[in-house]
Amino acid sequence: MSSKIKLLFIGVLLTLASDICAQRAYQMRLLGNWNDTALAKNPNMEGQVWNELTGWTDTATGKEYIIMGSIDSIYFFDVSNPQQIKLCDVESGLNRAINRDVEVYGHYVYCVSDNAPAGKLQIFDMSFLPDSVHKVYESAEFGFNTHSLFINKESKRLYMCINRSGTKIIGMDILSIDTPDKPSFLGTLQTSPSACQRVHEVFVKNPHSILEALKRRPKDVLQVSAPRDDFDGVWETIIDLAL
């Protein structure tokens, strides 16, 4: 991801904060912003509008985009020129959600929601941007609410954390995205009944997975004895996956 997108991400996030002085405190320069005061708000979350943001560079054109989740929709912006941010497309998120998560794989973006009425896993093809995006998949077959996603590009696997499917809340399901617009089920994280029942976030680097687990026991997970370089005092947890 380019430094331009990284800086723009920070700038967009900072514009959502009430204390604009925080921008100066971190010695960052605001490159641009986009605002629509008519967007739906969540009155129970202090007027929340946005809940997710990630970026994508189209390697065919060099154009840079951000994908943002709102409480009811998914927005696609062209930020190739940060001074002139262009809204390219808006797609329904299917519900009003406190949490959304989006992950990019190639020119596809995978979208889920949580803390919300039932939704679906959605996949959009972004190769038609800046004109539009095309929805190529929408189904609750593998879950109707999912807290977070991670994609391991090397293994072509999609990890769905705190995944609600049927009447169950599953710690983590794993899908194959060998065919990006047709995911298929591979398996579920298996642990003892008293440990690691819900996985809040996951980072996967074969053959291990670094987990932030809501419940854990030493016999099931191994805690690394050094903090991560980028976040002082944040400790990593590693668990072997069968898949």
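Look up a bit, the structure's there.
Below, the structure is looked at part by part. (Residues numbered from 1 in each chain as written. Predicted model: local features only at pLDDT ≥ 70, side-chain atom pairs only at ≥ 80, totals over all residues. Heavy atoms only, no water.)

1. Examining the side chain of N42
Put simply, the rule reads: Per the convention used, a helix needs a DSSP run of H or I reaching at least four residues, while a strand needs a run of E reaching at least two, with both numbered from the N terminus. Relative accessible area decides the class of each residue, using a 1.4 Å probe on protein chains only: under 20% of the type maximum gives buried, over 50% gives exposed, and in between gives partly exposed. Any pair of N or O atoms that falls within 3.5 Å is considered a polar contact. Within protein, one atom must be able to donate a hydrogen and the other to accept it, and sequence-neighbouring residues count only if both atoms are side-chain atoms. By the convention used here, residues are in contact when the closest approach between their heavy atoms is within 4.5 Å.
Mapped onto the elements of the fold, N42 is located in the loop between α2 (21-25) and β1 (50-57). Look at N42 and you get buried, because its relative accessible area is 13%. For N42, the side chain forms a polar contact with the main-chain nitrogen of N44, separated by 2.9 Å. For N42, the contacting residues outside a window of four places in its chain are G47, Q48, I71 and I98.

2. Some details on unusual backbone geometry
A cis amide bond links L129 to the next residue, P130, at an omega of 10°. Within the secondary structure layout, P130 lies in the loop between β7 (121-125) and β8 (134-139). With a phi angle near 50°, N115 is a residue other than glycine that sits in the positive phi range. Assignment of secondary structure puts N115 in the loop between β6 (108-114) and β7. With phi around 45°, I162 is a residue other than glycine that occupies positive phi space. Tracing the sequence through the fold places I162 in strand β10 (residues 157-165). Look at I162 and you get buried, because its relative accessible area is 6%.

3. A word on the environment of R164
Among the secondary structure elements, R164 is positioned in strand β10. With 20 residues separating them in the primary sequence, R164 and F144 have C-alpha atoms 5.9 Å apart. Leaving out residues up to four positions away in the same chain, R164 has contacts with D114, G143, F144, N145, I169 and R198. At 3.1 Å, the side chain of R164 and the side chain of D114 are in polar contact.

4. Describing the sheet that holds strand β11 (residues 168-176)
The condition is simple: Here a strand pair is declared whenever DSSP counts at least two bridges between the two strands. Only C-alpha atoms enter the line fits that serve as axes; for helices the fit covers just the stretch in contact. Angles between N-to-C directions range over 0 to 180 degrees.
A sheet is described by the order of its strands in space; here 4 strands give the open sequence β9-β10-β11-β12, paired in antiparallel fashion. The sheet is open, and its two edges are formed by β9 (145-152) and β12 (184-188), each paired on a single side. The average angle at which neighbouring strand axes cross in this sheet is 30°, direction not considered.

5. Let's talk about the environment of E138
Within the element layout of this structure, E138 appears in strand β8. Sequence separation between E138 and L121 is 17 residues; the distance between their C-alpha atoms is 5.7 Å. Looking at E138, its side chain comes within polar contact range of the side chain of Q122, at 3.0 Å. In terms of polar contacts, E138 uses its side chain to reach the side chain of K135, at 2.8 Å.

6. Overview of the sheet that holds β7
In spatial order, the strands read β5-β6-β7-β8; together these 4 strands make up an open sheet with antiparallel pairing. Edge strands, defined here as strands with exactly one partner in the open sheet, are β5 (99-105) and β8. Averaged over all pairs of adjacent strands, the angle between their axes in this sheet comes to 20°, without regard to strand direction. Here 4 bridges tie β6 to β7, and the two strands are oriented antiparallel to one another. Bridging across to β7, Y110 finds its partner in I123.

7. Points about the environment of M45
On the secondary structure map, M45 appears in the loop between α2 and β1. The exposure class of M45 is partly exposed, given its relative accessible area of 39%. Along the backbone, M45 and I98 are 53 residues apart, and their C-alpha atoms lie at a distance of 8.2 Å.

8. Remarks on the packing of aromatic side chains
Definition in use: Stacked, edge-to-face and tilted are the three classes for Phe, Tyr and Trp ring pairs, Trp counted by its six-membered ring, which pair at centre distances within 6.5 Å; planes under 30 degrees apart are stacked, over 60 edge-to-face, the rest tilted.
A complete count under the given rule lists 8 aromatic pairs for this structure. Each ring, one from W34 and one from F77, has its centre 4.8 Å from the other, and the planes form 65°; the classification is edge-to-face. Taken as a pair, W34 in the loop between α2 and β1 and F77 in strand β3 (residues 73-78) lie far apart in primary sequence, 43 residues in all. Judged by its relative accessible area of 1%, F77 is buried. The interplanar angle of 10° and the centroid separation of 6.2 Å between the aromatic rings of Y75 and F77 together place this pair among those described as stacked. Through pairs of rings, three or more aromatic residues link up here, namely W34, W50, Y75 and F77.

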